[in-house]
Amino acid sequence: MDRIRIVGGQPLHGTIPISGAKNATLPLMIASLLTDQTLILDNVPRLADVVQLQRILGNHGVDIMTSGKRPGDDEYKGQTMHLSATRIVDTTAPYELVSKMRASFWVIAPLVARMGEARVSMPGGCAIGTRPVDLLIMALERLSARIDVDGGYVVARAPDGLKGGEINFPKVTVSGTHTAVMAASLASGTTVIENAAREPEIADVADCLNKMGARISGAGTSRIVIEGVAKLHGAWHKVVPDRIETGTYAMAVAMSGGDVVLDGARPELLQSALDVLALAGAEVSATNQGIRIARNGAGLRPVEITTEPFPGFPTDLQAQLMALMTRAKGTSHITETIFENRFMHVQELARFGARIHLDGETATIEGVDRLKGAPVMATDLRASVSLVIAGLAAEGETMVNRVYHLDRGFERLEDKLARCGADIVRVSS
Ligand code: EPZ
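Residues numbered from 1 in each chain as written. Predicted model: local features only at pLDDT ≥ 70, side-chain atom pairs only at ≥ 80, totals over all residues. Heavy atoms only, no water.

## Some points on the sheet that holds strand β16 (residues 283-286)
Phase 1 of the analysis: Taken in spatial order, the four strands make up an open sheet running β2-β15-β17-β16, and their pairing is mixed. Two strands lie at the open edges of the sheet, namely β2 (12-17) and β16, each paired on one side alone. Across the sheet, the mean angle from the axis of one strand to that of its neighbour is 10 degrees, orientation sign disregarded.
Phase 2 of the analysis: Sheet topology note: the β16/strand β17 (residues 290-295) ladder contains four bridges and is antiparallel. Paired with A286 across the two strands is I291, which belongs to β17. (Pairing = 2+ DSSP bridges. Helix = DSSP H or I, 4+ residues; strand = E, 2+ residues; numbered from the N terminus. Axes fitted to C-alpha atoms, helices over the stretch in contact; angles between N-to-C directions.)

## A look at the pairing of strand β23 (residues 397-401)
Phase 1 of the analysis: Most of β23 sits out of view: four of its five residues are buried.
Phase 2 of the analysis: Relative to β23, strand β1 (residues 3-7) is paired through four bridges, and the arrangement is antiparallel. Residue pairing across strands places V7 opposite E397, the latter belonging to β23.
Phase 3 of the analysis: Direction of pairing for strand β22 (residues 375-377) relative to β23: parallel, over a ladder of three bridges. Bridge pairing in β23 places M377 opposite N401. (Buried < 20%, exposed > 50% of the residue type's maximum accessible area, 1.4 Å probe, protein only.)

## A short note on the packing of helix α1 (residues 22-31) against helix α2 (residues 48-60)
Phase 1 of the analysis: Where α1 meets α2, the closest approach of the two axes is 10 Å, and the angle between their N-to-C directions is 10 degrees. Judged by the inter-axis angle, α1 sits roughly parallel to α2. Two secondary-structure elements touch here, α1 through K22, T25, L26, M29 and I30 and α2 through D49, V50, L53, Q54 and L57. (Parallel < 35°, antiparallel > 145°, perpendicular 65-115°, else oblique. Contact = heavy atoms within 4.5 Å.)

## Some remarks on the pattern of salt bridges
Phase 1 of the analysis: All chains considered together, the criterion is met by 21 salt bridges.
Phase 2 of the analysis: K231 is the salt-bridge partner of D36, the closest N and O atoms lying 3.0 Å from each other. On the criterion of sequence distance, the pair formed by D36 in the loop between α1 and β3 (38-44) and K231 in the loop between β13 (223-227) and β14 (235-238) is long-range, its members being 195 residues apart.
Phase 3 of the analysis: Residue R223 pairs with E194 through a salt bridge whose shortest N-O separation is 2.9 Å. Separated by 29 residues along the polypeptide, R223 in strand β13 and E194 in strand β11 (residues 190-194) bring together distant segments of the chain.
Phase 4 of the analysis: For E194, a relative accessible area of 25% gives the class partly exposed.
Phase 5 of the analysis: Several salt bridges share partner residues, and in doing so they unite D2, D407, E414 and R426 into one network. (Salt bridge = Lys/Arg side-chain N within 4 Å of Asp/Glu carboxyl O.)

## Remarks on the packing of helix α8 (residues 243-256) against helix α10 (residues 318-325)
Two quantities define a packed helix pair, namely the angle between the helix axes and the distance between the axes.
Phase 1 of the analysis: At a closest axis distance of 10 Å, the pairing of α8 and α10 adopts a crossing angle of 5 degrees. Overall, the two elements α8 and α10 adopt an arrangement that is roughly parallel. Between α8 and α10, the contacting residues are I244, T248, M251, A254 and M255 on the first element and Q320, L321, A323 and L324 on the second.
Phase 2 of the analysis: Residue composition of the contact of α8 with α10, grouped by class: seven nonpolar, two polar and no charged. (Nonpolar A, V, L, I, M, F, W, Y, C, P; charged D, E, K, R; others polar.)

## What to know about the nonpolar core
Phase 1 of the analysis: Counting residues in each nonpolar core, the largest one holds 79 residues, and the members touching the most others are F105, V107, L162, I193 and L209.
Phase 2 of the analysis: Beyond its immediate sequence surroundings of up to four residues, I193 is in contact with I167, F169, A180, V181, S222, R223, I224 and I226.
Phase 3 of the analysis: Core analysis: the second largest hydrophobic core is formed by 67 residues, A280, L321, F343 and A363 among them. (Core = buried A, V, L, I, M, F, W, Y, C linked by side-chain atoms within 4.5 Å.)

## Looking at α2
Phase 1 of the analysis: Between its first and last C-alpha atoms α2 spans 19 Å; for 13 residues at 1.5 Å apiece the expected length is 18 Å, and the two agree.
Phase 2 of the analysis: Among the residues of α2, those classed as buried are D49, V50, Q52, L53, I56, L57 and H60. One face of α2 carries all of its buried residues, which in axial projection span an arc of 160 degrees.
Phase 3 of the analysis: Looking one or two residues beyond α2, the residue adopting positive phi is G61, at roughly 110 degrees. (Expected span 1.5 Å × (residues − 1). Arc of directions from axis to C-beta.)

Here it is as structure tokens:
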């Protein structure tokens, strides 16, 4: 199993290319099931989750072709993926596949919308929470699907097609909003979604669906209106840059010191996180190329944050910020409101000598002058990268175990950091 070895203390200088967003790529690939024509996605990141979803879509009959390198392409250029769901040969998503990646449950929406039936394994919980799918099911029922749960599978039926309706989410849910938008695109009549998620990935998927012939307005706001259409066609779409990858590298630079340009990043996709970084003492500026992050010599200041749905501070950057605050001059407080069990990194950060106290959904971090390298264990995608960030600033060697968690959501992480001067290598064993 691969591990990552880091020797801390190197400031970061240079440019880091930002990949396409994992959390846009997954629903965009799933949207290919909505049409019998070819959807071409550009700027697709090379991630384990993308490969896993290719297997799941292939099981439904989707042909997927990824273009080879073109003259002038560098090794960081995103992939171009052609997805053709000409014929859907199987409307069942089996447990063996869905249990490996939760977002694959979302295939239920295009399958029932286009084929009138879907049988999808319940995704189950994960390291960060129970993560029920009751709101996704509620949304499909609002679009007149009949839902049964049978032997660990959610069975959705709409033999006469879905019908537009009112969907009012009791809490903001990204997966619920994706499900509702995709399903309503092929429903007859109008659908209105209230209290919708406003994440940039929702707007990116809606933008792509509109290129495929859908009629969606208001994506990116809390009220989305969809006029259903009978059929969708093929399209070309470029995946939005990954705001979580952007925020992660920004935190890494603030932690190690240095001066880096995040190439292709878009500040408006993570403004709340950039504001917190500036409060903490990093220099943050937008450039023609993307975002420039620098910290030279100035100490880190403590912050108080609460994770919230977009445009609030993203839960997917909570662990990375906690790692940063372990070196702040003073006491910080971080409150996690989205997932009930998203502090698995606290015990691992303590191995570096960090001082973090948990009280319910709030972590109190007392900054220390120095961290010391240690062997640590990755537990989930974002927690694992917070250990890398701590290792970059810790004295001596850090060994991060179980890096397969990282590969799910970060493309070539150690290469991107090493090219900016970090002493980091992947160790295969
Ligand atoms: C998406 O998860 C992201 N995943 C997550 O990123 C991200 O943390 C999350 O949104 C919040 O921003 C992908 O896009 C693939 P939710 P999702 O539905 O859609 C509860 C990462 O690290 N809920 O907005 O599953 C749920 O349990 C991942 O890349 C219900 O109660 O999140 C959670 O507490 C981790 N019932 C809250 O709502 C439901 O039916 C928000 O969940 C659905 C959700």
